[in-house]
Amino acid sequence: MNVISNDFSIGLVLSGGGVRGMAHIGVIKAMNEFGIDATIISGSSAGALVGALYANGNSPDEMFSFFKETPLFKYNFLTMTKAGFIDTDKYIKILETYFPKNSFEALNKELHLVATDLQSGEEVFFSSGELIKPLLASAALPPVFSPVELNGILYADGGIMNNFPIEPIQKKANFIIGSNVSVVSNLEKRELKNSVKLAARVTNLMVYASSNQKLKVCDIVMEPMALEKIGVLDKRGMKKAFEIGYNHACIELENYSKRIGFPS
């Protein structure tokens, strides 16, 4: 088992990707088994939620339970007064049970989240002060979830502008592990024969194009192609995504260890 020393700074970048983000939890479980502990995390959307739980000191089992037990769609969360089908603010009380101090400073690890300022059209990073609202903003995928208002500004899903937010940790970490669940693999023509599948494919390609160069900066990239078969909002795929992420990470970490070896 390879253990990296405490004075070596490890960064972990977690992409957005909805339910596929459960693969990030599998990656973290594999990292734990290899004795790898990230000290600085940056996440977008689902990756922001997983990153916050990891920075909070929650175990992979606790992280998975959070997503399994938190309702994705709930009748009394529906809204007619906000721009979105579901009122994102309804999740504040749920998150308060995990983050009672509601601050970045109360976390065990340095955390960076990205959200999209819908009014200026710019990406905005959060890493200090209030935690829960920026966290919800980063994961508020429109038009399903309503934007989150912070200081009079409306924010939404970080993945709109930056689905793989490596920037905050690029100069801080000695070693970067990237986990990208917004994967793009080859498709057969028959898989692009209806408007819904075509729109999903185009969106995936656009998101991947913005992340592609940044993935090359990472020392290790976890990018399990099998995740493409799992729907972004399909809660039935949670366990499968977790298993895919874990198995893929175990193979990648083992291969890296044999080929290069982790710094010690």
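Our structure's up above, just so we're on the same page.
This is a predicted model, so every value here is computed, not measured.

Definitions and limits used
- Residues numbered from 1 in each chain as written.
- Predicted model: local features only at pLDDT ≥ 70, side-chain atom pairs only at ≥ 80, totals over all residues.
- Heavy atoms only, no water.
- Salt bridge = Lys/Arg side-chain N within 4 Å of Asp/Glu carboxyl O.
- Helix = DSSP H or I, 4+ residues; strand = E, 2+ residues; numbered from the N terminus.
- Buried < 20%, exposed > 50% of the residue type's maximum accessible area, 1.4 Å probe, protein only.
- Contact = heavy atoms within 4.5 Å.
- Polar contact = N/O pair within 3.5 Å; in protein donor to acceptor, adjacent residues only side chain to side chain.
- Pairing = 2+ DSSP bridges.
- Right-handed = clockwise from strand over helix to strand, strands pointing away.

**Student:** Would you mind going over the pattern of salt bridges in detail, with residue names and values included?
**Tutor:** Counted under the stated rule, the structure contains five salt bridges. Residues Glu167 and Lys214 are paired through a salt bridge, measuring 3.2 Å at the closest nitrogen-oxygen approach. Residue Glu167 is located in the loop between β6 (153–156) and β7 (175–179), and its partner Lys214 is located in helix α6 (residues 195–215); the two are separated by 47 residues in the primary sequence. By relative accessible area, which is 34% here, Glu167 ends up partly exposed.

**Student:** Please give an account of the environment of Ile177 that cites residues and values.
**Tutor:** Relative to the helices and strands, Ile177 is located in strand β7. Along the chain, Ile177 and Leu12 lie 165 residues apart, while their C-alpha atoms are 4.9 Å from each other. Ignoring anything within four residues of it in the chain, the contact list for Ile177 reads Ile10, Gly11, Leu12, Val13, Met31, Ile36, Ile220 and Met222.

**Student:** For the side chain of Lys109, give the residues involved together with the corresponding values.
**Tutor:** Here Lys109 lies in the loop between α4 (92–98) and β3 (110–117). Lys109 gets classed as buried once you look at its relative accessible area, which sits at 15%. Reaching out from Lys109, the side chain makes a polar contact with the side chain of Asp37 at a distance of 2.6 Å.

**Student:** So what about the pairing of strand β2 (residues 40–44)? Which residues, and what values?
**Tutor:** With five of its five residues buried, β2 lies for the most part within the structure. The two faces of β2 match: Ile40, Ser42 and Ser44 on one face and Ile41 and Gly43 on the other face are all buried. Here strand β1 (residues 10–14) pairs with β2 via four bridges, running parallel. Pairing of Leu14 across the sheet is with Gly43, part of β2. What joins β1 to β2 is helix α1 (residues 22–33), and the crossover it makes is right-handed.

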